[in-house]
Amino acid sequence: MSRLPDAEQGPGAHQPHVRLADVDENMLEQLLGLALHDAEPDEVTPPLGTGAGWNPERIAWFRAYHRGAAAGLNGPAQEKSWAVLSADQLAGSIRLKRAGLHVVGAGDTEEGAIAVETGIWLGRGFRGQGVGTAALRLVLAAARRAGVHSVVARTTRGNPGAQRILTASAANLAFDGDSVTAVVALTPPD
């Protein structure tokens, strides 16, 4: 299993020990179990199938999504997902996706630079503890190493937790009705 570096500890601040792990078949089933028991389906999957809650269509999408994202940003799906571990406990998932986005002012040209999208979900038991902020920092470092100039995330006004995570990572937030778009400009690695 490949690993990204652990989240850096801030001076004087308690941050959880967070690391990211590749999603193989075993990890995929563990992630699905966490999602089924500790997250709402709308937090993890698009609306699929009929009826409320976790249904066979959502479960099938979840598995197919993580299998497709296993190849990484340069794979067929142009997406990479990782399991988020906090103190070696499975906490959720985070991703990067090449989406052909252009962010004005993010690059050296007037058109801007191609950006990637990120998204995260955490089980309810891991929210509000700094896990999301630490995981996002690790993903931003991975994006920077991949030569990405900016990372975009979307959330809603009704999700202050996501807004806090994004703000802590120096994102610029733009509000449009109920939608919030965040952009984190990345500096090249040293």
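Residues numbered from 1 in each chain as written. Predicted model: local features only at pLDDT ≥ 70, side-chain atom pairs only at ≥ 80, totals over all residues. Heavy atoms only, no water.

Caption draft 1: Local environment of the pattern of salt bridges. Tallied over the full model, the rule gives 10 salt bridges. A salt bridge links Glu 25 to Arg 67, with the shortest nitrogen-to-oxygen separation between them at 2.8 Å. Of this pair, Glu 25 sits in helix H1 (residues 25-38) while Arg 67 is found in helix H3 (residues 56-68), placing the two residues 42 residues apart along the sequence. The class for Glu 25 is partly exposed, based on a relative accessible area of 44%. A relative accessible area of 42% places Arg 67 in the partly exposed class. A salt bridge links Arg 127 to Glu 43; the shortest N-O distance between them is 2.7 Å. Placement of Arg 127 in the loop between strand S4 (113-122) and helix H4 (131-145) and of Glu 43 in helix H2 (residues 41-44) is noted, with a sequence separation of 84 residues between them. (Salt bridge = Lys/Arg side-chain N within 4 Å of Asp/Glu carboxyl O. Helix = DSSP H or I, 4+ residues; strand = E, 2+ residues; numbered from the N terminus. Buried < 20%, exposed > 50% of the residue type's maximum accessible area, 1.4 Å probe, protein only.)

Caption draft 2: Representation of the environment of Ala 168 within the structure. Take Ala 168: it is sitting in helix H5 (residues 160-168). Sequence-wise, Ala 168 and Thr 133 are 35 residues apart; in three dimensions their C-alpha atoms are separated by 6.9 Å. Excluding residues that lie within four positions of it along the chain, Ala 168 makes contacts with Thr 133 and Arg 137. (Contact = heavy atoms within 4.5 Å.)

Caption draft 3: Looking closely at the nonpolar core. Counting 29 residues, the largest nonpolar core has Leu 20, Val 84, Ile 94, Leu 96 and Val 151 as its most contacted members. With 9 residues, H4 is the single largest residue contributor to this core. Once residues lying within four places of it in the same chain are set aside, the contact partners of Val 151 are Leu 96, Val 116, Thr 118, Leu 140, Ala 143, Ala 182, Val 183, Val 184 and Leu 186. Core analysis: the next-biggest nonpolar cluster, separate from the first, contains 16 residues, Leu 28, Ala 39, Ala 83 and Leu 85 among them. (Core = buried A, V, L, I, M, F, W, Y, C linked by side-chain atoms within 4.5 Å.)

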